[in-house]
Amino acid sequence: MEKRMIDEKMREKHGKVLRSLDKARVGKRVIEKEWDTKILPGILKEIAAKHGLLKTCDINNPVNTDGELADRFFKAGWEAALRLGFYCRDTESIISVDADELETEFRKVPSSFVAGIGEGARVVKARTPSDGQEPIFVAPLSIQMDEELYIPLSQGIVSSKLVDFQEGPSLDTVMGSPLLADTPYETFAGIYEYHLRTEAQRRAGRKGMGNALVSSASTHFGFLSGYNLYEQPQIALCLNPAFMKINYTTFHKCFVANELGGNIRSESPTMIGGYTGGPETTAIASIATDLLQFPICGAVLPGSPCYDIRYSGNCGRHGVWAQSMATQAITRNSNIILMKTINQVAGPSDDMFFYESIVGMTAASASGQAFTISPRSAGGSKKNHLTPIEAWYNAAVFKGAAGLSLSSANDICREVIPMFEDFLMNPPKGKSFRDLFDIETLTPIPEYREQYLKMRGYAESLGIPMPKDGVIC
Amino acid sequence: MSSILHEIEEAIYNGEDEVVGDLVQKALDSGIAPEEIIAKGGVAGLDRLGEDFNNLEVFLPELMIGGDCMKLLIEKVKPYLSAEEDAYIGKVVIGCAKGDLHDIGKSLVATQLAVHGFEVIDLGVDVHTNRFIDTAEKENADIIAVSALLTTSQYYMEELIKRLTEEGIRDKYRIAVGGGPISAEYAKKIGADGYSRTASMAVPMAKRLMKIEPTKELVVEQD
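So, how was this worked out
- Residues numbered from 1 in each chain as written.
- Chains lettered and ligands numbered in written order.
- Predicted model: local features only at pLDDT ≥ 70, side-chain atom pairs only at ≥ 80, totals over all residues.
- Heavy atoms only, no water.
- Helix = DSSP H or I, 4+ residues; strand = E, 2+ residues; numbered from the N terminus.
- Rg over C-alpha atoms; globule rule 2.2 N^0.38 Å.
- Buried < 20%, exposed > 50% of the residue type's maximum accessible area, 1.4 Å probe, protein only.
- Contact = heavy atoms within 4.5 Å.
- Areas by Shrake-Rupley, 256 points an atom, 1.4 Å probe, with all protein chains shown as cover.
- Disulfide = S-S within 2.5 Å.
- Domains from an automatic or database assignment.
- Buried area = accessible area lost by both parts, 1.4 Å probe.
- Salt bridge = Lys/Arg side-chain N within 4 Å of Asp/Glu carboxyl O.
- Polar contact = N/O pair within 3.5 Å; in protein donor to acceptor, adjacent residues only side chain to side chain.
- Phe/Tyr/Trp six-rings, centres within 6.5 Å; stacked < 30°, edge-to-face > 60°.
- pLDDT = per-residue confidence, 0-100.
- Pairing = 2+ DSSP bridges.
- Core = buried A, V, L, I, M, F, W, Y, C linked by side-chain atoms within 4.5 Å.
- Axes fitted to C-alpha atoms, helices over the stretch in contact; angles between N-to-C directions.
- Nonpolar A, V, L, I, M, F, W, Y, C, P; charged D, E, K, R; others polar.

**Examining the overall build of chain B**
Step number 1: The helix and strand inventory of chain B stands at 9 helices and 6 strands.
Step number 2: Here the C-alpha radius of gyration of chain B, 18 Å, is about what a compact globule of 223 residues would show, namely 17 Å.
Step number 3: Over its C-alpha atoms, taken along the principal directions, chain B stretches across nearly 50 × 40 × 30 Å.
Step number 4: Scored against the burial criterion, the 223 residues of chain B give a buried share of 58%.
Step number 5: Counting only contacts in chain B whose residues sit at least 6 apart along the sequence, the fraction spanning at least 24 positions is 69%.
Step number 6: Carbon and sulfur atoms provide 49% of the accessible area of chain B, an area that totals close to 9400 Å².

Take a look at the structure:
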C-alpha cells in the first residue's frame, strides 16, 4: 500500500489527536496557576454575566425544569469552549478549537455506538430529557477491593442484566505485590485485571459483555498493556487529569483506542467551590469540557460531573442543580451521548446511600443522561465498601426514571434530599462486602436483602418504576 | 488606626496584592504592632474568606489569592517581629504523591494551611518521594504533607516514611497524610503522624501536630 493511502487511513483514525498534539506543542504558553486562578475563573464569570446566568441556581428546585434557561447555559458553554480550549499539562500550553472546527466536529459527533461482543453487545444512544429510552448502566466505579474479592464481587454485580457493562472495581495489589503508580506493576495490572474480569463475567454467564477499561491503572501503562487484550469494540477510559485539561497520558490512550476501534470516554469533574466557582459557572465549565472532548481527543462519550468541593459528592442541592443544568444543556441541544457519574458519599447498608442514589440517578436520568457508571459507595474512599446491591439499586433507579418528567424528578429530589443533606459533610461509611454478603454463595445477609427490598419499595412509592434485577427480584 | 487595619482586611479579602505591601508599611509607620497587623488585618480578612468559602460565596481561586496576599503581608512584617515571635506557626512541604495528578484537594489543604498561619511550600502533583525529602531538608520544614486520591499512589506515603527512617531523619519531620482512600487506620499502619478527613480539618490537625514531636503519637481530625 502506498504511504499516501496509509496516511489517509491514519488521518481518518488519528487525525484529531495528532492535530491536538501539534496544537499542544505550539500553543500559547500559560502558567498553570494563572490558568486555574485567573484565566479560567475570570472568563467563566464574564460569560455567565453576559448570558444572564449568575445567581440562577435555585437550590429549592434542584432539578432544573426551565428549558430556555438550559439553552442559555448551552450557549454560554459553547462560548467558554471557544474562548478557553483545553490546557495541556505536559506542554503548559493551550489547545484551542476555533468556531469552524467546533461547529464541524459538533455536527459529526456520533449519536450512538456499540460496545461488547455477540449477545453481550449493547447499543449506546444519545438521549433527550424524559424521553423514556432506557439508558445504559455500568458498574461499578473503580473502588478499591482486595484482590481475592475481585472475582466474587464482579460476578455478583454483573449477574444482574440491569448492569450493561463493567468498569471497576480496582486492585491495589497484584498477586500480593503493591500496585505502585507509574511502575511496571501497573503494566502487569492491566493484564491481570483482564484475566480476573473475564473469569468473573464467564461465571456470571455474561461472556462478551462490554467493558470500560482499564480500571486498575492510573497512568497509561495499565491501559496500554490491558486494553488490547479485549475483543473490540469496548469503551476506553481516557480520562482527563482535570476538567478543561489534558495530558500525554490521555493522548497515549486515545491513539491505542482509536487504532483498535474503541469508544473513547473522557472527562474530569468540575468542582463547585473550586476553580470553576459557583454552581452556575461550574455548569458552564462542565458543558464546555463536554463540547471539546470530541474535537480534541475523539471522545464519543464525554461527561464531566459537577461535584461540590465541600464534600466531594454531587447529591446535595447545588451539585444536583449544576449537574442537571449541565446535562440538559447538552441533551436538549446536541446528539452527544452524555454520561456523568453520581457520587454518593454514604457507604453500603446505610439508608443514606439509597436516598443519595434516588436523588442522583433520578435527576440524571430525567435530564437525559444516556449512560452512567456507579456506584461510588462511601465516596470511593473505603476499601471493600462495595456490594452488588448498590449497583443493582442504582441501575434500577437510573433505568426506571428515564421517562419521568423533569417536574416529577424535581419533586422527588425535593422530598428526598432533606432526608440526608445534613450528613453530607460527615457521612456514614457503611459496611464492607464481607460484612454484607456471603462471599461463597454471593447472597446478601437477610438484613441487607430486606433493606434493599424496602428501599426499592420506597423508590416505587415516589413514582419511580423499578425494573427487576433478575437476581433477588 | 482601625481604618488602616480594616483596609488591610479588605485588601486580603479582595486579593489586592498590589496594595497590601503599601498598606502594611503605612500601618507599621503609624506604630501599629506587627502582631496586630497580622491578627486584625490579615487573619480578619482570611477568616471572612473562609466563612464565605463554606457558604459558596467565594471559591478556591479567591482563597488562594488571599493566601498569597497574606504571604506578602507576613514577609513585610517579619523584620519587625521580635526574636521570640514567629510569623508562621510552622512550615509545611505539601504535594500529591507520585503518579497522582489530582490536585484540587491538595490545593485546598495548602490554601487552608496558608491562610491559617502556616508557611507552605507546594510541590504540586506527581511528586517523587525524594523531592519531598530534599525540599523538606532544604527548607527545614516542620511537616511533610502528602495527598493521594489514587490507591496506586498511596503506597508512596509508606515509602516516604521508610526512606526517612532509613536515612536516619524520621524524627525531623511530622508526616501528615490525607486524600480519598486514606484513613486514620492507614495513617497509623504506615507510621504517619497526622491524618485529617477533610481539607478544613487539616488546619486543626496541623496545629496540633506542631505541639508534639514527630513519631510520638498519631493526630487525627475526622469528626
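This is not the end of the story, as more comes after the structure.
**With respect to the state of the cysteines**
Residues and elements named next belong to chain A.
Step number 1: Enumeration according to the criterion identifies 0 disulfides over all chains in this entry.
Step number 2: Cys254 provides the cysteine sulfur closest to Cys238, a residue in no disulfide bond, and the two sulfurs are 4.1 Å apart.
Step number 3: The exposure class assigned to Cys238 is buried, which follows from its relative accessible area of 0%.

**Remarks on the domain arrangement of chain B**
Residues and elements named next belong to chain B.
Step number 1: By domain assignment, chain B separates into domain 1 (2-80) and domain 2 (91-221).
Step number 2: Look at where the C-alpha atoms of domain 1 and domain 2 centre, and you get two points 27 Å apart.
Step number 3: Listed per partner, the contact involves 7 residues of domain 1 and 7 residues of domain 2.
Step number 4: Buried surface at the junction of domain 1 and domain 2, both sides included, amounts to about 750 Å², of which 72% is carbon and sulfur.
Step number 5: Looking only at domain 1, the three residues that lose the most surface to domain 2 are Leu46, Leu60 and Leu63, adding up to 46% of its buried area.
Step number 6: One can count 0 salt bridges joining domain 1 with domain 2.
Step number 7: At the boundary of domain 1 with domain 2, the tally comes to 0 residue pairs in polar contact (both at pLDDT 80 or more).
Step number 8: Among the elements of the structure, helix 3 (34-54) and helix 4 (60-77) are those that each provide at least two residues to the side of domain 1 that touches domain 2.
Step number 9: With 5 residues, the top contributor of residues to the side of domain 1 that touches domain 2 is helix 4.

**As for the packing of aromatic side chains**
All names here are of chain A.
Step number 1: The final tally for this structure, using the stated rule, is 17 aromatic pairs over all chains.
Step number 2: Judged by centre distance (6.0 Å) and plane angle (45 degrees), the ring pair of Phe74 and Trp78 falls under tilted. In this pair, Phe74 and Trp78 both sit in helix 3 (residues 67-84), 4 residues apart, roughly one turn of the helix.
Step number 3: You can call Trp78 buried: its relative accessible area is 16%.
Step number 4: Look at Phe74 and Phe106: their rings are 6.0 Å apart centre to centre, the planes differ by 45 degrees, and that puts the pair in the tilted class. With Phe74 in helix 3 and Phe106 in helix 4 (residues 99-108), this residue pair connects regions lying 32 residues apart in the sequence.

**Re the environment of Ala366 of chain A**
Residues and elements named next belong to chain A.
Step number 1: With respect to the helices and strands, Ala366 occurs in helix 11 (residues 351-366).
Step number 2: Its relative accessible area of 0% is what places Ala366 among the buried residues.
Step number 3: A C-alpha to C-alpha distance of 34 Å links Ala366 and Glu193, two positions 173 residues apart in sequence.
Step number 4: Setting aside residues up to four positions removed in sequence, Ala366 forms contacts with Pro129, Ser130, Ala401, Leu404, Ser405, Leu406 and Ala409.

**Topic: the confidence of the model for chain B**
Interpretation of this model should avoid reading the predicted coordinates in detail wherever pLDDT is low.
Step number 1: Confidence in the prediction for chain B averages 91 pLDDT; 98% of positions are at 70 or higher.
Step number 2: With pTM at 0.93, the complex prediction returns an ipTM value of 0.86.

**Re the pairing of strand 4 (residues 122-125) of chain A**
Step number 1: With 4 bridges joining them, strand 3 (residues 112-115) of chain A and strand 4 of chain A adopt antiparallel strand pairing. Within the sheet, the bridge partner assigned to Val114 of chain A lies in strand 4 of chain A and is Val123 of chain A.

**Observations regarding the pattern of salt bridges**
Residues and elements named next belong to chain A.
Step number 1: One pass over the structure, following the stated rule, counts 52 salt bridges over all chains.
Step number 2: Across the salt bridge formed by Glu105 and Arg19, the nearest N and O atoms sit 3.7 Å from each other. On the criterion of sequence distance, the pair formed by Glu105 in helix 4 and Arg19 in helix 1 (residues 3-26) is long-range, its members being 86 residues apart.
Step number 3: Among the residues examined, Glu105 registers a relative accessible area of 5% and is labelled buried.
Step number 4: You can call Arg19 partly exposed: its relative accessible area is 34%.

**Quick look at the sheet that holds strand 5 (residues 136-139) of chain A**
Residues and elements named next belong to chain A.
Step number 1: The sheet built from 7 strands is open, its strands ordered 16-14-12-11-7-5-18 with parallel pairing. Among the strands making up the open sheet, the edge pair consists of strand 16 (301-302) and strand 18 (371-373).
Step number 2: Note that strand 12 (residues 235-237) and strand 14 (residues 263-266) share 3 bridges and pair parallel. Along strand 14, the bridge assignment pairs Leu237 with Arg265.

**Quick notes on the nonpolar core**
Step number 1: Counting residues in each nonpolar core, the largest one holds 141 residues, and the members touching the most others are Phe73 and Phe371 of chain A together with Ile37 and Leu73 of chain B.
Step number 2: For this core, the element with the highest residue contribution is helix 9 (residues 279-297) of chain A, accounting for 10 residues.
Step number 3: Counting only domains with at least three residues in this core, you end up with domain 1 (2-80) and domain 2 (91-221) of chain B.
Step number 4: Among all residues touching Phe371 of chain A, those that are not within four sequence positions of it are Val124, Ile136, Val138, Phe165, Ile235, Leu301, Leu338, Met339, Lys340 and Phe398 of chain A.
Step number 5: Within the second largest apolar cluster, 61 residues are counted, among which are Val163, Ala346, Phe420 and Phe433 of chain A.

**Here's the deal with the sheet that holds strand 2 (residues 118-122) of chain B**
Residue and element names in this part refer to chain B.
Step number 1: If you walk across this open sheet you meet the 6 strands as 2-1-3-4-5-6, and the pairing is parallel. Every interior strand has two partners, whereas the edge strands, strand 2 and strand 6 (219-221), have only one. With strand direction ignored, the average angle separating the axes of adjacent strands in the sheet is 20 degrees.
Step number 2: Pairing analysis gives 2 bridges linking strand 4 (residues 174-178) to strand 5 (residues 194-196), with the strands arranged parallel. Bridge pairing links Val177 to Tyr195 in strand 5.

**With respect to the interface of chain B and chain A**
Step number 1: Taken together, the contacts link 29 residues of chain B with 35 residues of chain A.
Step number 2: Carbon and sulfur atoms make up 60% of the surface buried where chain B meets chain A, a total of about 2700 Å² over both sides.
Step number 3: The tally of links from chain B across to chain A stands at 3 salt bridges.
Step number 4: One salt bridge in this structure joins Lys98 of chain B and Asp182 of chain A, with 2.9 Å as the shortest N-O distance.
Step number 5: At the boundary of chain B and chain A, one finds 11 residue pairs in polar contact (both at pLDDT 80 or more).
Step number 6: Ranked by the residues each element gives to the side of chain B that touches chain A, the list is headed by helix 7 (residues 151-166) of chain B, at 6 residues.
Step number 7: Tallied by class, residues from the side of chain B that touches chain A come to 14 nonpolar, 9 polar and 6 charged.

**Remarks on the environment of Leu84 of chain A**
Residues and elements named next belong to chain A.
Step number 1: The residue Leu84 is located in helix 3 in this model.
Step number 2: Here the alpha-carbon distance between Leu84 and Phe188, two residues 104 residues apart in the chain, equals 38 Å.
Step number 3: Excluding anything up to four places from it in sequence, Leu84 contacts Trp35, Ile39, Leu40, Ile43, Leu44, Ile94 and Met244.

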